[in-house]
Every structure is written in structure tokens, then in C-alpha cells.
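Residues per chain are reported as follows:
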Amino acid sequence: MNPKRYAEIKTSMEITIERLRGMIHEAKEQASHYPIPTNLRPATPADVKEGTVMWFPEWPADGRQWSIVDSVYDAEDPWKAWMDEDGSRHGLRGAFVEENA
């Protein structure tokens, strides 16, 4: 592959990536308004797994009240058990999960 072809592919993919980032942002914005489920229970260390949706009912009602576990640090830490998809660290304190989700 020559450098010109590489540059064409790179530019094309960067445009696609930006479009997809916009779609992700829009989906997150829509999900931010989802009501807090009624079937919540306190989260335990066993719930701290990548992909788990953690709910925080005491967070301000005008914003997103959930977090998705992206990477696990120390599942038992009440303050810094995991990092979510936007880079924020969270702990078990005040975290809930849906029962039978």
C-alpha cells in the first residue's frame, strides 16, 4: 500500500469514527432520561463486572443516574471499585443494581 492510499483510508475511517461517536453521544443522551427502575437492590462486590449498569438514585434527578462498569479496580472498595465509560471512578457506596436484570 502506498502512502496516498493509506491517507485515503485513514481520512475515510476518521469520518466514520466521528459519525459513530455522535451516534453514541445521542444514545447516551436519550438513555440519561430513563426513569430509575423500581426493582433495585444494593450492589455487592459480585455485581462489579464489566458491562453492569449501576444505578445511583441519590444523584441529582436532573442528570444521568446510572453508570456502566467499564473496568474493575477493586470490587469491594466503597469509593473506587470501578471506572465507567467516561473515565469516572465509582464505588459501592450508594450503588444499586436491578434485581433479576
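Up top you'll find the structure we're talking about.
How each quantity is defined
Residues numbered from 1 in each chain as written. Predicted model: local features only at pLDDT ≥ 70, side-chain atom pairs only at ≥ 80, totals over all residues. Heavy atoms only, no water. Phe/Tyr/Trp six-rings, centres within 6.5 Å; stacked < 30°, edge-to-face > 60°. Helix = DSSP H or I, 4+ residues; strand = E, 2+ residues; numbered from the N terminus. Buried < 20%, exposed > 50% of the residue type's maximum accessible area, 1.4 Å probe, protein only. Polar contact = N/O pair within 3.5 Å; in protein donor to acceptor, adjacent residues only side chain to side chain. Contact = heavy atoms within 4.5 Å. Core = buried A, V, L, I, M, F, W, Y, C linked by side-chain atoms within 4.5 Å.

S.K.: Would you mind showing me how to read the packing of aromatic side chains here?
M.R.: What describes a pair of aromatic rings is the distance from one ring centre to the other and the angle between the planes of the rings. As enumerated under the stated definition, the model contains two aromatic pairs in all. Ring geometry for Tyr 34 versus Trp 55: centroids 6.3 Å apart, planes at 40°, classification tilted. With Tyr 34 in the loop between α1 (3-31) and β1 (40-42) and Trp 55 in strand β2 (residues 53-55), this pair connects stretches of sequence that are 21 residues apart. Note on Tyr 34: relative accessible area 53%, which makes it exposed. The interplanar angle of 35° and the centroid separation of 6.3 Å between the aromatic rings of Phe 56 and Trp 82 together place this pair among those described as tilted. A residue pair is termed long-range when its members are at least 10 positions apart, and Phe 56 in the loop between β2 and β3 (66-72) and Trp 82 in strand β4 (residues 82-84) qualify at 26 residues. In this structure, Phe 56 and Trp 82 share a single accessibility class: buried.

S.K.: Any chance you could explain the side chain of Asp 47 here in plain terms?
M.R.: Along the chain, the position of Asp 47 falls in the loop between β1 and β2. Engagement of the side chain of Asp 47 in a polar contact is seen with the backbone nitrogen of Thr 44, the distance being 2.8 Å. Excluding its chain neighbours within four sequence positions, the residues that come into contact with Asp 47 are Arg 41, Pro 42, Thr 52, Met 54 and Val 97.

S.K.: I would appreciate a short explanation of the side chain of Ser 67 in the present structure.
M.R.: Considering the arrangement of structural elements, one finds Ser 67 in strand β3. Side chain to side chain, Ser 67 and Asp 84 meet in a polar contact 3.2 Å long.

S.K.: Please clarify how the environment of Ala 7 should be interpreted in this entry.
M.R.: Tracing the backbone through its elements, the reader meets Ala 7 in helix α1. A C-alpha to C-alpha distance of 30 Å links Ala 7 and Asp 86, two positions 79 residues apart in sequence.

S.K.: It is not clear to me how the nonpolar core should be interpreted in this structure. Could you clarify?
M.R.: When a protein is soluble and globular, its nonpolar side chains tend to lie buried together. Among the nonpolar cores identified, the biggest contains 11 residues, and these are Ala 43, Val 48, Met 54, Phe 56, Val 69, Ala 75, Ala 81, Trp 82, Leu 92, Ala 95 and Val 97. Those residues in contact with Ala 75 that sit more than four places away from it in its chain are Pro 45, Val 48, Ala 81 and Leu 92.

S.K.: So what exactly am I meant to see when it comes to the environment of Val 48 here?
M.R.: Relative to the helices and strands, Val 48 is located in the loop between β1 and β2. Considered as a pair, Val 48 and Val 69 are 21 residues apart in the sequence and their alpha carbons are 7.0 Å apart.

Just distances and angles here, no functional claims.
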